[in-house]
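Understanding the architecture of this molecule
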Amino acid sequence: MRLERLLQQQGFGTRKACRKLIRQGRFALAGAPLTDPFVDVAAEEGLLLRVDGEDWPYAGKAVIMLNKPAGYECSKNPRHHPGIDALLPPPFVARALQSVGRLDEDSTGLLLLTDDGALIHALSSPGRKVEKRYRVTARHPLDTAQIEALRAGVVLRDAPQPARALAVEAADAHTLLLTLTEGRYHQVKRMLAAVGNRAEALQRVAIGALRLPADLPEGQWRWLAAADLELVWRKTA
Ligand code: URA
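In what follows, the accompanying structure is described. (Residues numbered from 1 in each chain as written. Predicted model: local features only at pLDDT ≥ 70, side-chain atom pairs only at ≥ 80, totals over all residues. Heavy atoms only, no water.)

1. Looking at helix H2 (residues 15-23)
What H2 keeps buried is the set Cys18, Leu21 and Ile22. One side of H2 carries all its buried residues, which in axial view fall inside an arc of 100 degrees. Facing away from the buried side of H2, by more than 90 degrees, are the exposed residues Lys16, Lys20 and Arg23. Those residues of H2 that are buried are in contact with helix H1 (3-9), strand E1 (27-29) and strand E3 (48-51). Two residues or fewer after H2 comes glycine 25, characterised by a positive phi angle close to 80 degrees. (Buried < 20%, exposed > 50% of the residue type's maximum accessible area, 1.4 Å probe, protein only. Helix = DSSP H or I, 4+ residues; strand = E, 2+ residues; numbered from the N terminus. Arc of directions from axis to C-beta. Contact = heavy atoms within 4.5 Å.)

In structure tokens form, the structure reads like this:
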């Protein structure tokens, strides 16, 4: 593939803009500066592109994780707060990465983003029962009856079938670890409300066996390696 086209595909602007940046000497391939925009390059996963001094592995489909902070909407058309695009570098915005499911504006934690439509579809499919684990801070002290009710299932207004937590674990009197395999609208908050409590804070800590890394600060993103992506299909550890 022509170099200028490859850079365009990776989100570095129009073909004309990519041609210009290459000619301006702002590009290197696998460590070697390249100034010919028309050179033919074999697009291989992980091939190291360097633009303006920053490394970008070539990715046919981009898959990243973001530690979402509060105060951002998972939407391309945010209404009351900035969208999560504001946290991403321009190439990801140009590639129109989308979040896999959503976290509420005030929720935090692990969010996957990709431009791979088939992956979004598979991960969001109810039949695949991908496990999502949340750390919930409850306003009122949690009691056994509430925990049992969350396990047994609570009826929410939008559907007759009960919303059930796959696992519920009280870490302390106000902290719950809740694992769900569905993603209904405001599901965790509504489940807590249904048992007479209230979710004051909500952090997604894992998707399947993929955990939010302790060393990924809020607002930061990281590429997802193929091995990490495998983990999302497994049970939360
Ligand atoms: N459930 C909620 O209520 N909010 C979220 O952000 C995620 C799950």
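2. Concerning the sheet that holds strand E2 (residues 32-33)
Read from one edge to the other, the open sheet built from 4 strands follows the order E2-E1-E3-E4, with strand pairing classed as antiparallel. Two strands lie at the open edges of the sheet, namely E2 and strand E4 (54-57), each paired on one side alone. Where E3 lies against E4, 4 bridges are found, and the strand directions are antiparallel. Looking at E4, one finds that arginine 50 is bridged to aspartate 55. (Pairing = 2+ DSSP bridges.)

These figures come from the coordinates and say nothing about function on their own.
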